[in-house]
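# Understanding the architecture of this molecule
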Amino acid sequence: MRYIFIVFIFLGQGLLAQTVSIIPRPVSWEAKEGTFSITPATVLVVTDAGDQKAAAFFNDYLWQFYGFKLTVKTRGSDHAIQLRTAGKTGTSRDGYSLQ
């Protein structure tokens, strides 16, 4: 019985390790197969001034902590992050969507 308890402890820790570190914490999330790495070749896609401000904020962060900035474009590419301000994501004013 003691060994079963120890196994459950380790399994529980593995499940806790799969938490998402995003602020604000999402109401729900679903992990899928694959990875996405942000590199200097990644493109930020914006469609309006609000998105441009978010891209500038993100680029400042990347520059300060990683030493590179991303190219900002109005059209997507294969390796891109598309920024959309509230109202265009189908979420509430304070909501967001990551895909």
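Attention in this report is confined to the structure presented alongside it.

What counts, and where the lines are drawn
- Residues numbered from 1 in each chain as written.
- Predicted model: local features only at pLDDT ≥ 70, side-chain atom pairs only at ≥ 80, totals over all residues.
- Heavy atoms only, no water.
- Helix = DSSP H or I, 4+ residues; strand = E, 2+ residues; numbered from the N terminus.
- Buried < 20%, exposed > 50% of the residue type's maximum accessible area, 1.4 Å probe, protein only.
- Polar contact = N/O pair within 3.5 Å; in protein donor to acceptor, adjacent residues only side chain to side chain.
- Contact = heavy atoms within 4.5 Å.
- Phe/Tyr/Trp six-rings, centres within 6.5 Å; stacked < 30°, edge-to-face > 60°.

### Examining the side chain of threonine 42
Summarising the element assignment, threonine 42 is placed in the loop between α1 (2-16) and β1 (43-45). Classification of threonine 42 by relative accessible area gives buried; the value is 0%. Here histidine 79 takes part through its side chain, which lies 2.9 Å from a polar atom of the side chain of threonine 42. Leaving out residues up to four positions away in the same chain, threonine 42 has contacts with Phe36, Ser37, Leu70, Thr71, His79, Ala80 and Ile81.

### Concerning the packing of aromatic side chains
Scanning the model with the defined rule gives 2 aromatic pairs in all. Look at tyrosine 61 and phenylalanine 65: their rings are 4.8 Å apart centre to centre, the planes differ by 45°, and that puts the pair in the tilted class. Of this pair, tyrosine 61 and phenylalanine 65 are both found in helix α2 (residues 49-66), 4 residues apart, which corresponds to roughly one turn of the helix. The class for phenylalanine 65 is exposed, based on a relative accessible area of 51%. In textbook terms, an aromatic cluster arises when at least three aromatic residues are bridged by ring pairs, as seen for Tyr61, Phe65 and Tyr66.

### Considerations on the side chain of aspartate 51
Along the chain, the position of aspartate 51 falls in helix α2. A distance of 2.7 Å separates the side chain of aspartate 51 from the side chain of threonine 47, its partner in a polar contact.

### Observations regarding the environment of leucine 62
Positionally, leucine 62 belongs in helix α2. Among the residues examined, leucine 62 registers a relative accessible area of 4% and is labelled buried. Along the backbone, leucine 62 and isoleucine 38 are 24 residues apart, and their C-alpha atoms lie at a distance of 9.7 Å. Apart from residues lying up to four places away in sequence, leucine 62 is in contact with Ile38, Gly67, Phe68 and Leu70.

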